[in-house]
Amino acid sequence: AASLGQVYRATTHDGLEVAVKVQRPGAVRALAVDYACFTLALKALELKWRFSSSKFDFDLGTVVDGVAADVLAELDYRAEARNNARFRASLAFLGFVATPDAVPAYSTERVLTTAWVRGRHLSALDSVDDGLRMTRMAVEACTASLVLTGYVHADPHEGNLMLGDDGRVVFLDFGLMSTVAPNIMEGFATGIQACLAEDYATLARVFV
């Protein structure tokens, strides 16, 4: 289950086990209503703050627009399939990151079909060692995205991560992705090095 879609297990006519993600009816309408409500509410809040403080200089509408654009992009499952392939290619050099193969013949803008992943989520792992191994791989993959590739899975919660039967960490659900500018990647990398070296003066400069 997900907010915008429902996922089913199925088998194609030629015997391939697949996951079929079907967009919920009315998802676009629900997004439009939410967008209108948030816009009105935040505009009212923005006006209140502007009249109560001369220091307020934030445009909350821009925040709403950005979130709405990202969620709207999630509604096009063809884009999600492309995100899937791009993310897997970006981290191929690590050797332990996997994503489910899309099945274009059974996919549309509102239906996404991918190969069924054989593996387990963190809560279903039998041993602490498996959990630690999966966590280390996931952290390393996310860190590499932030400081090396600049292409980031923006929703890497437990439900979107699995330990595959082949020992690799599997990322799922590529509707919400993000990119990181080179200067920000450099800042992340420098900040991590500064933390490890307990060089807090450098860390402070990175934040600035």
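Below, the structure is looked at part by part. Note that this is a predicted model, so its numbers are computed, not measured. (Residues numbered from 1 in each chain as written. Predicted model: local features only at pLDDT ≥ 70, side-chain atom pairs only at ≥ 80, totals over all residues. Heavy atoms only, no water.)

Notes on the environment of glutamate 17
Checked against the element boundaries, glutamate 17 lands in strand E2 (residues 17-23). Exposure remark for glutamate 17: the relative accessible area of 22% places this residue in the partly exposed category. For glutamate 17 and phenylalanine 188, which are 171 residues apart along the polypeptide, the C-alpha to C-alpha distance reads 40 Å. Residues contacting glutamate 17, with those up to four places away along its chain left out, are Arg9, Ala10, Thr11, Thr114, Ala115, Trp116 and Arg118. Among the polar contacts listed, one links the side chain of glutamate 17 to the side chain of arginine 118, at a separation of 2.3 Å. (Helix = DSSP H or I, 4+ residues; strand = E, 2+ residues; numbered from the N terminus. Buried < 20%, exposed > 50% of the residue type's maximum accessible area, 1.4 Å probe, protein only. Contact = heavy atoms within 4.5 Å. Polar contact = N/O pair within 3.5 Å; in protein donor to acceptor, adjacent residues only side chain to side chain.)

Notes on helix H3 (residues 77-90)
Here H3 contains 14 residues, and its C-alpha end-to-end distance of 20 Å stays within 8% of the 20 Å for a straight helix at 1.5 Å per residue. Those residues of H3 not exposed but buried are Tyr77, Ala79, Glu80, Asn83, Asn84, Phe87 and Ser90. When H3 is viewed along its axis, its buried side chains cluster within an angular range of 150 degrees and face the same direction. Residues of H3 that are exposed and point more than 90 degrees away from the buried face comprise Arg82 and Ala89. (Expected span 1.5 Å × (residues − 1). Arc of directions from axis to C-beta.)

Some words on the pairing of strand E7 (residues 161-164)
Residue alternation in E7 divides its side chains into two sets, Leu161 and Leu163 and Met162 and Gly164, and both sets are buried. Pairing of E7 with strand E8 (residues 169-171), which is carried by three bridges, proceeds in the antiparallel orientation. Residue leucine 161 lies in a different strand from E8, and its bridge partner there is phenylalanine 171. Between the antiparallel neighbours E7 and E8 lie four residues, among them glycine 167 with a positive phi of about 90 degrees. (Pairing = 2+ DSSP bridges.)

Notes on the packing of helix H5 (residues 182-196) against helix H6 (residues 200-207)
One can describe the packing of H5 onto H6 by two numbers: an axis separation of 8 Å at closest approach and a directional angle of 160 degrees. Taken together, the axes of H5 and H6 are roughly antiparallel relative to one another. Note that H5 runs across H6; the crossing there is left-handed. Seen from H5, the contacting residues are Gly187, Thr190, Gly191, Ala194 and Cys195; seen from H6, they are Thr202, Leu203 and Val206. Residues belonging to the contact of H5 with H6 are distributed by class as follows: four nonpolar, four polar and no charged. (Axes fitted to C-alpha atoms, helices over the stretch in contact; angles between N-to-C directions. Parallel < 35°, antiparallel > 145°, perpendicular 65-115°, else oblique. Left-handed = near helix turned anticlockwise from the far one by under 90°. Nonpolar A, V, L, I, M, F, W, Y, C, P; charged D, E, K, R; others polar.)

Some details on a nonpolar patch on the surface
There is a patch of nonpolar side chains on the surface, built from Leu146, Ile184 and Phe188 and spanning about 230 Å² of accessible area. Turning to its location among the elements, phenylalanine 188 is positioned in helix H5. Residue phenylalanine 188 is classed as partly exposed on the basis of its relative accessible area of 37%. (Patch = residues over 30% accessible without salt bridge, like charges linked within 9 Å, V, L, I, M, F, W, Y side chains within 5 Å. Areas by Shrake-Rupley, 256 points an atom, 1.4 Å probe, with all protein chains shown as cover. Salt bridge = Lys/Arg side-chain N within 4 Å of Asp/Glu carboxyl O.)

Describing the packing of helix H4 (residues 128-149) against H5
One can describe the packing of H4 onto H5 by two numbers: an axis separation of 7 Å at closest approach and a directional angle of 125 degrees. Compared by their axis directions, H4 and H5 come out oblique. Two secondary-structure elements touch here, H4 through Thr143, Ser145, Leu146, Val147, Leu148 and Thr149 and H5 through Met185, Phe188, Ala189 and Ile192.

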